[in-house]
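Here is how the chains run, residue by residue.
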Amino acid sequence: MTMDIPRSFQDALLPHLPYAEGGELRADDDLAALGLDSMGVVQLLADLEDGFGVELSDELLTEETFSTVGALWAAVEEFVVPQAALND
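Source: prediction; values computed, not measured.

S.K.: Help me out: how do you make sense of helix H2 (residues 38-52) in this one?
M.R.: Within an α-helix, residues lying three or four positions from one another point in the same direction, as the helix has 3.6 residues per turn. Taking 1.5 Å per residue, 15 residues should reach 21 Å; H2 reaches 21 Å between its end C-alpha atoms and fits that length. Buried residues of H2: Gly40, Val41, Leu44, Leu45, Leu48 and Phe52, and no others. Projected onto a plane normal to the axis of H2, the buried residues spread over an arc of 140 degrees and lie on a single side. What points out from H2, more than 90 degrees from its buried face, is the exposed set Met39, Val42 and Asp50.

Following this line, the structure appears as structure tokens:
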């Protein structure tokens, strides 16, 4: 099963991933290997909250959540999708 990572989410991630080639991110891409560090996580969270208009819970701040692109999207998607459904 492959997870579709929305382009808007990839666009939010890419500025925080200095080693990403700027192309398509895959769900199994390792965020640390792409250059995301602890300071980057803080800025990325702020950008995701601003960009998607959500408030992410502190329970998301785990090493597992920030392990791969797919793990992070799976955590963020719970907050984003209900918001998008409300706007339809």
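Still to come is the rest of the account.
S.K.: Is there a simple way to explain the environment of glycine 35 in this structure?
M.R.: With respect to the helices, strands and loops of the structure, glycine 35 is situated in the loop between helix H1 (7-13) and H2. Taking the C-alpha atoms as reference, glycine 35 lies 5.5 Å from tyrosine 19; in sequence the two are 16 residues apart.

S.K.: Whenever I open this one, the pattern of salt bridges confuses me. Can you help?
M.R.: When charged atoms on two side chains of opposite charge get close, those side chains can pair. Applying the stated criterion across every chain, the model contains four salt bridges. In this structure, the salt-bridge partner of glutamate 24 is arginine 7, at a minimum N-O distance of 3.2 Å. One end of the pair, glutamate 24, is in the loop between H1 and H2; the other, arginine 7, is in helix H1, and 17 residues separate them in sequence. Salt-bridge contacts for arginine 26 lead to aspartate 29; the nearest nitrogen and oxygen are separated by 3.3 Å. What makes arginine 26 exposed here is its relative accessible area of 51%.

S.K.: Which parts of the structure should I look at to understand the packing of aromatic side chains?
M.R.: Two measures describe an aromatic ring pair: the distance that separates the ring centres and the angle between the ring planes. Under the definition given, this model contains two aromatic pairs. A centroid spacing of 6.3 Å and a plane angle of 45 degrees characterise the contact between phenylalanine 9 and phenylalanine 52, whose relative ring orientation is tilted. Pair noted here: phenylalanine 9 is in helix H1 and phenylalanine 52 is in helix H2, with a separation of 43 residues, a long-range link. Taken as a pair, phenylalanine 9 and phenylalanine 52 share a single burial class, namely buried. With 4.8 Å between their ring centres and 55 degrees between their planes, phenylalanine 9 and tryptophan 73 make a pair best called tilted. With phenylalanine 9 in helix H1 and tryptophan 73 in helix H3 (residues 69-86), this pair connects stretches of sequence that are 64 residues apart. The class of phenylalanine 9 is buried, set by a relative accessible area of 0%. On the basis of relative accessible area, tryptophan 73 is assigned to the buried category, the value being 5%. Counting every residue linked through ring pairs, the aromatic cluster contains Phe9, Phe52 and Trp73.

Rules and cut-offs
Throughout this document, residue positions are counted from 1 along each chain, in the order its sequence is written. For a predicted model such as this one, the threshold for reporting local features is a pLDDT of at least 70, and the threshold for listing and counting side-chain atom pairs is 80 or more; totals across whole chains, interfaces and linings nevertheless cover every residue. Side-chain numbers here rest on the full set of heavy atoms in the structure, without hydrogens or water. Numbered from the N terminus, helices here are DSSP runs of H or I no shorter than four residues, and strands are runs of E no shorter than two. Expected span, for any helix, means 1.5 Å times one less than how many residues it has. For every residue, the accessible area (1.4 Å probe, protein chains only) is compared with the maximum for its type, and the residue is labelled buried under 20%, exposed over 50%, or partly exposed between those bounds. The directions from the helix axis to the C-beta atoms form the arc being described. Throughout this description, the term salt bridge denotes a Lys or Arg side-chain nitrogen within 4 Å of a carboxyl oxygen of Asp or Glu. To pair, rings of Phe, Tyr and Trp, with the six-membered ring standing in for Trp, must have centres within 6.5 Å; the planes then decide the type, stacked if under 30 degrees apart, edge-to-face if over 60, and tilted in the middle.

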